[in-house]
Amino acid sequence: GEQVEQLPSSLIVQEGASVLINCSYTDSASVYFPWYKQEPGKRLQFIIDIRSNMERKQTQRLTLLFDKKTKHLSLHITATQPGDSAIYFCSASPGNTGKLIFGLGTTLQVQP
Amino acid sequence: AQTIHQWPVAEIKAVGSPLSLGCTIKGKSSPNLYWYWQATGGTLQQLFYSITVGQVESVVQLNLSASRPKDDQFILSTEKLLLSHSGFYLCAWGGTGGPDYTFGSGTRLLVI
C-alpha cells in the first residue's frame, strides 16, 4: 500500500527564516495531497492541498510544490513566526476514497 | 456550523479491560466518518471508515472494532485492551480530505 515519508522530522529556526518540508510517496494512484498542521493542544487543521494535475499551489506564506514524476512534494513556509510552531503532516489520498495516508510529521519550532 | 466532539479526552486503562471511545458530529447529515490512531512517536493511521449508519469498514487490524449506531455517532471499542493500544485516537468526518476533512480534538489513551 501507499507509504508516505516526510523529512526532516524536526526543525528549529529563528523567526523570519524560511523552512522547507519534504514529502515523498510510493503509490502512483495517489492523486490528492492535503497537508495538516497540529499546534500544541489543538486539533489537526488543514493548511494547504494539491492535486496530481498541478505543480504548484500558493496561499499566503505557504507554497506547495508537486513533482509527479519523482512522487515528491515540498512545502515552503516563508517569514516564519512563533505561531507557526506546530507539527506539520503531509498526506496522500488514492482517489476519491476519503482514505488518507499520513507521513510521520515534521515538528517545527520557531524561536522569537 | 458543523461540530465534532470526541469523548473522553483522556483515559488510563488496565490491560485486559474494555474500552469505548465516542465521536459525535453535529450539523452535517450523512457524513463520512473515520477513526485514526497515532502511536507515540508514530504517524496517523486510519483504522475504520463509515459511509452510512450500520456500515463500517476496517482498514487496519488492531484488535479494535467500530460501530455507527446513528448517523451522527461513531464508536470505537474493544473488550480487551492491549498495551499496544496506547496512543492518540482521532475521529474525523469528511469526503476526500482537504478543507472538508475535519478532525476532532482526540482521545489520549494510556494502557498500563
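Residues numbered from 1 in each chain as written. Chains lettered and ligands numbered in written order. Predicted model: local features only at pLDDT ≥ 70, side-chain atom pairs only at ≥ 80, totals over all residues. Heavy atoms only, no water.

> Sorry, what's going on with the sheet that holds strand E8 (residues 72–77) of chain A here?
Adjacent strands of a sheet pair through backbone hydrogen bonds, lying either parallel or antiparallel. Residue and element names in this part refer to chain A. Spatial strand order, E1-E3-E8-E7-E6: five strands in an open sheet with antiparallel pairing. Of all the strands in the sheet, the pair left with one neighbour each is strand E1 (4–7) and strand E6 (56–59). Neighbouring strand axes in the sheet, compared pairwise and without regard to direction, differ in orientation by 15° on average. (Pairing = 2+ DSSP bridges. Helix = DSSP H or I, 4+ residues; strand = E, 2+ residues; numbered from the N terminus. Axes fitted to C-alpha atoms, helices over the stretch in contact; angles between N-to-C directions.)

> I keep staring at the environment of Lys69(A) and nothing clicks. Help me out?
Residue and element names in this part refer to chain A. Summarising the element assignment, Lys69 is placed in the loop between strand E7 (62–67) and E8. For Lys69, a relative accessible area of 78% corresponds to the exposed category. Distance from Lys69 to Ile101, taken between C-alpha atoms, is 19 Å for residues 32 residues apart in sequence. (Buried < 20%, exposed > 50% of the residue type's maximum accessible area, 1.4 Å probe, protein only.)

> What's the story with the state of the cysteines in this structure? I'm lost.
Two cysteines whose sulfur atoms are joined by a covalent bond form what is called a disulfide. Scanning all chains against the criterion turns up two disulfides over all chains. Note that Cys23(A) is cross-linked by a disulfide to Cys90(A), the S-S spacing being 1.9 Å. On the sign convention where negative is left-handed, the bridge of Cys23(A) and Cys90(A), at about -65° about the S-S bond, is left-handed. In this pair, Cys23(A) sits in strand E3 (residues 19–25) while Cys90(A) sits in strand E9 (residues 86–92), placing the two residues 67 residues apart along the sequence. Across this residue pair, the class does not change: Cys23(A) and Cys90(A) are buried. Here Cys23(B) is linked by a disulfide to Cys91(B), with a sulfur-sulfur distance of 1.9 Å. On the sign convention where negative means left-handed, the S-S torsion of about -70° between Cys23(B) and Cys91(B) marks this disulfide as left-handed. Here Cys23(B), found in strand E3 (residues 19–26), pairs with Cys91(B), found in strand E9 (residues 87–93); they are 68 residues apart in sequence, far enough to count as distant. Here Cys23(B) and Cys91(B) have matching classes, each one buried. (Disulfide = S-S within 2.5 Å.)

> Can you walk me through the packing of aromatic side chains in this structure?
What characterises a pair of aromatic rings is the spacing of the ring centres plus the angle enclosed by the ring planes. A full pass over the atoms with the stated rule returns 17 aromatic pairs over all chains. On the numbers, 6.4 Å between centres and 40° between planes, the contact of Trp37(B) with Tyr89(B) is tilted. One end of the pair, Trp37(B), is in strand E4 (residues 33–38); the other, Tyr89(B), is in strand E9, and 52 residues separate them in sequence. Both residues of the pair, Trp37(B) and Tyr89(B), count as buried. One aromatic cluster in this structure is built from Tyr36(A), Phe46(A), Phe89(A), Phe102(A), Tyr34(B), Tyr36(B), Tyr49(B), Tyr101(B) and Phe103(B). (Phe/Tyr/Trp six-rings, centres within 6.5 Å; stacked < 30°, edge-to-face > 60°.)

> Honestly, the interface of chain B and chain A in this entry has me stumped. Any pointers?
Interfaces are often sized by the accessible area lost when the parts come together. Contact with chain B, which involves 21 residues of that partner, is made by 19 residues of chain A. Contact between chain B and chain A buries roughly 1600 Å² in total, counting both sides, with carbon and sulfur atoms accounting for 59%. For the pair chain B and chain A, the number of links is zero salt bridges. Those elements that provide at least two residues to the side of chain B that touches chain A are E4, strand E5 (44–52) and E9 of chain B. Ranked by residues supplied to the side of chain B that touches chain A, first place goes to E4(B) with three residues. Broken down by class, the residue content of the side of chain B that touches chain A amounts to 10 nonpolar, 11 polar and no charged. (Contact = heavy atoms within 4.5 Å. Buried area = accessible area lost by both parts, 1.4 Å probe. Salt bridge = Lys/Arg side-chain N within 4 Å of Asp/Glu carboxyl O. Nonpolar A, V, L, I, M, F, W, Y, C, P; charged D, E, K, R; others polar.)

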